[in-house]
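Okay, here's what each chain looks like letter by letter:
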Protein chains: 2
Amino acid sequence: MIFSSKAEYGVRLMVELGRQTPTQPTSLKAIAEAERLPLAYLEQVVARLKRAGLVMSARGAHGGYWLSRPADQITMDEVVQALEGAIAPMECFLSDTTERVLCSHPGTGVEEHRHCATKLLWMRVQGGIARSLQTTTLAELVEFSRRESVVPGREPAVVPGREPVVPAV
Amino acid sequence: MIFSSKAEYGVRLMVELGRQTPTQPTSLKAIAEAERLPLAYLEQVVARLKRAGLVMSARGAHGGYWLSRPADQITMDEVVQALEGAIAPMECFLSDTTERVLCSHPGTGVEEHRHCATKLLWMRVQGGIARSLQTTTLAELVEFSRRESVVPGREPAVVPGREPVVPAV
DNA sequence: TCGAAATCCTACCAACGCGGTTGGTTAATC
DNA sequence: GATTAACCAACCGCGTTGGTAGGATTTCGA
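Now for a look at the structure at hand. Not measured: the values here are computed from a predicted model.

Remarks on the protein's contact with DNA strand D
Part 1: By nearness alone, 22 residues border DNA strand D, and A:Lys50, A:Ser57, A:Tyr65, B:Tyr9 and B:Gln44 come closest of all.
Part 2: The sugar-phosphate share of atoms of DNA strand D within 4 Å of the protein amounts to 69%.
Part 3: For DNA strand D, a phosphate oxygen lies 2.7 Å from a polar atom in the side chain of A:Tyr65.
Part 4: The contact in question runs from a phosphate oxygen of DNA strand D to an N or O atom on the side chain of B:Ser5, over 3.4 Å.
Part 5: At the level of elements, helix H3 (39–51), strand S1 (55–58) and strand S2 (64–67) of chain A together with helix H1 (5–19) and helix H3 (39–51) of chain B are the ones that each hand at least two residues to the surface near DNA strand D.
Part 6: Tallying contributions element by element places H3(A) first for the surface near DNA strand D, with 3 residues.
Part 7: Among the residues making up the surface near DNA strand D, the classes are represented as 8 nonpolar, 10 polar and 4 charged.

Looking at the pairing of S2(A)
All names here are of chain A.
Part 1: Summarising the sheet, S1 and S2 pair through 4 bridges and their orientation is antiparallel. Residue pairing across strands places Ser 57 opposite Tyr 65, the latter belonging to S2.
Part 2: Connecting S1 to the antiparallel partner S2 that follows it, the hairpin turn spans 5 residues, and Gly 60 within it adopts a positive phi of roughly 80°.

Regarding the protein's contact with DNA strand C
Part 1: Surrounding DNA strand C, one finds 23 residues, the nearest of these being A:Tyr9, A:Gln44, A:Arg59, B:Lys50 and B:Ser57.
Part 2: Contacts to DNA strand C include A:Tyr9, whose side-chain N or O atom sits 2.6 Å from a phosphate oxygen.
Part 3: Within the side chain of A:Gln44, one N or O atom sits 2.8 Å away from a base oxygen of DNA strand C.
Part 4: Among the secondary structure elements, those contributing two or more residues to the surface near DNA strand C are helix H1 (5–19) and H3 of chain A together with H3, strand S1 (55–58) and strand S2 (64–67) of chain B.

Concerning the packing of helix H6 (residues 138–146) of chain A against helix H5 (residues 117–134) of chain B
Part 1: Interhelical geometry of H6(A) versus H5(B) gives an angle of 130° and a closest axis separation of 8 Å. Taken together, the axes of H6(A) and H5(B) lie oblique to each other. Crossing hand, H6(A) versus H5(B): right-handed. Contacts from A:Glu140, A:Leu141, A:Phe144 and A:Ser145 in H6(A) reach B:Ala117, B:Leu120, B:Leu121 and B:Arg124 in H5(B).
Part 2: When the residues that make up the contact of H6(A) with H5(B) are grouped by side-chain class, the tally is 5 nonpolar, 1 polar and 2 charged.

Quick look at the pattern of salt bridges
Residues and elements named next belong to chain A.
Part 1: Per the stated rule, a full pass over the model turns up 10 salt bridges over all chains.
Part 2: In this structure, the salt-bridge partner of Glu 8 is Arg 12, at a minimum N-O distance of 3.1 Å. Of this pair, Glu 8 and Arg 12 both sit in helix H1, separated by 4 residues, roughly a single helical turn. There is no split in this pair, since Glu 8 and Arg 12 are both buried.

Section: the nonpolar core
Part 1: If you look at the biggest cluster of nonpolar residues, it comprises 87 residues, and the most contacted ones within it are A:Phe3, A:Trp122 and B:Trp122.
Part 2: The biggest single contributor to this core is H5(B), with 8 residues.
Part 3: Beyond its immediate chain neighbours, meaning those up to four positions away, B:Trp122 contacts A:Phe3, A:Ala7, A:Glu8, A:Val11, A:Val80, B:Pro89, B:Met90 and B:Phe93.

Here we look at the side chain of A:Lys6
Residues and elements named next belong to chain A.
Part 1: Looking at where Lys 6 falls in the secondary structure, it is placed in helix H1.
Part 2: Look at Lys 6: it is buried, it has no salt bridge, and the nearest opposite charge is Glu 84 at 7.3 Å.
Part 3: At 3.4 Å, the side chain of Lys 6 and the side chain of Tyr 41 are in polar contact.
Part 4: Discounting chain neighbours no more than four positions away, the residues touching Lys 6 are Tyr 41, Val 45, Arg 48, Leu 83 and Glu 84.

Observations regarding unusual backbone geometry
Part 1: Backbone geometry places A:His62, a non-glycine residue, at a positive phi of 60°.
Part 2: Secondary-structure assignment places A:His62 in the loop between S1 and S2.
Part 3: Despite not being glycine, B:Arg36 has its phi angle at roughly 55°, a positive value.
Part 4: Tracing the backbone shows B:Arg36 in the loop between helix H2 (28–35) and H3.
Part 5: Residue B:Arg36 is classed as partly exposed on the basis of its relative accessible area of 28%.

Reading the values: the criteria
- Residues numbered from 1 in each chain as written.
- Chains lettered and ligands numbered in written order.
- Predicted model: local features only at pLDDT ≥ 70, side-chain atom pairs only at ≥ 80, totals over all residues.
- Heavy atoms only, no water.
- Near = heavy atom within 4 Å.
- Polar contact = N/O pair within 3.5 Å; in protein donor to acceptor, adjacent residues only side chain to side chain.
- Helix = DSSP H or I, 4+ residues; strand = E, 2+ residues; numbered from the N terminus.
- Nonpolar A, V, L, I, M, F, W, Y, C, P; charged D, E, K, R; others polar.
- Pairing = 2+ DSSP bridges.
- Axes fitted to C-alpha atoms, helices over the stretch in contact; angles between N-to-C directions.
- Parallel < 35°, antiparallel > 145°, perpendicular 65-115°, else oblique.
- Left-handed = near helix turned anticlockwise from the far one by under 90°.
- Contact = heavy atoms within 4.5 Å.
- Salt bridge = Lys/Arg side-chain N within 4 Å of Asp/Glu carboxyl O.
- Buried < 20%, exposed > 50% of the residue type's maximum accessible area, 1.4 Å probe, protein only.
- Core = buried A, V, L, I, M, F, W, Y, C linked by side-chain atoms within 4.5 Å.
- Lys, Arg positive; Asp, Glu negative; His and termini not counted.

Laid out in structure tokens, this is it:
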């Protein structure tokens, strides 16, 4: 599994917030019940979203959460990044903003100076993921969730302007 | 981290095999030393590749492994799939070859019939990953590893009709 | 014919992250 | 002042990960 349940829950939470009128806050309890998710765990999830500035909150009675921006100005890579941290296919991608190629194993002093072929592969994978996340907005997901599921069997039309997904969406 | 070390080790192993002349087998020991990886663990990794039919082997002295096909006829999604199993961003994508949308939580009898918005997102992510893996061949990685480290260069030949990669591979 | 080199096979294990739970404290509303 | 809700900090069982251990089997060269 590529993403943990934090991402799943967090995205659902964001969609739920996007479905609400932004004028009044929505309580976590309401969301937990609607999505049948454990409230206490959702608290930890939403904390990440708040730290990332994606949602705002009000405490006390009738408090709750709401989106800090309109849903069409929130791309899903922001959301997923807030929930999962940096999206990296492999370890050597993390604190490695420099172009250094040092995928050899530590310990031995000898540095591997051959081209790290796997890095090319993981770069492409990362690019593929990033692209799909950046080109999807929260508003799209909200709109998708609003459509009545007339027939559960067939997937509805992909959002116009998007390329068709390869494995038959 | 999206992929485990099995994928990293296995891809390296395949690249290493791709660098050899295919006429004679390469022993795991040689690969383990070249890549500084634990031999006993590599055995488990290569077993997956063999089960998937990507490599062949000969036992006994002077035995070893070799690619079962030319490297330009091996796409990396085959390799990664053999190593990691099915590539799924989220659990509900696994034994779900049918078009059913049932991302609700089990337990309660009530089925969630609202459109599962997260599924749309994970579909796109999966598509992005699949595309990047399918359009990369082992031969490319081998060729890349042969190049002296000049400039990582430009991403070659994205599938026609696709837009260019966003984060600058 | 023997030993070395290699694949092949099964079991075991420590450590870590995941998916929560528990139990509170603080702040706002009625 | 009671209720509602966000906020906070531990804690914890469990499964997966990344190996190791130890052997069995096959093949080749001397």
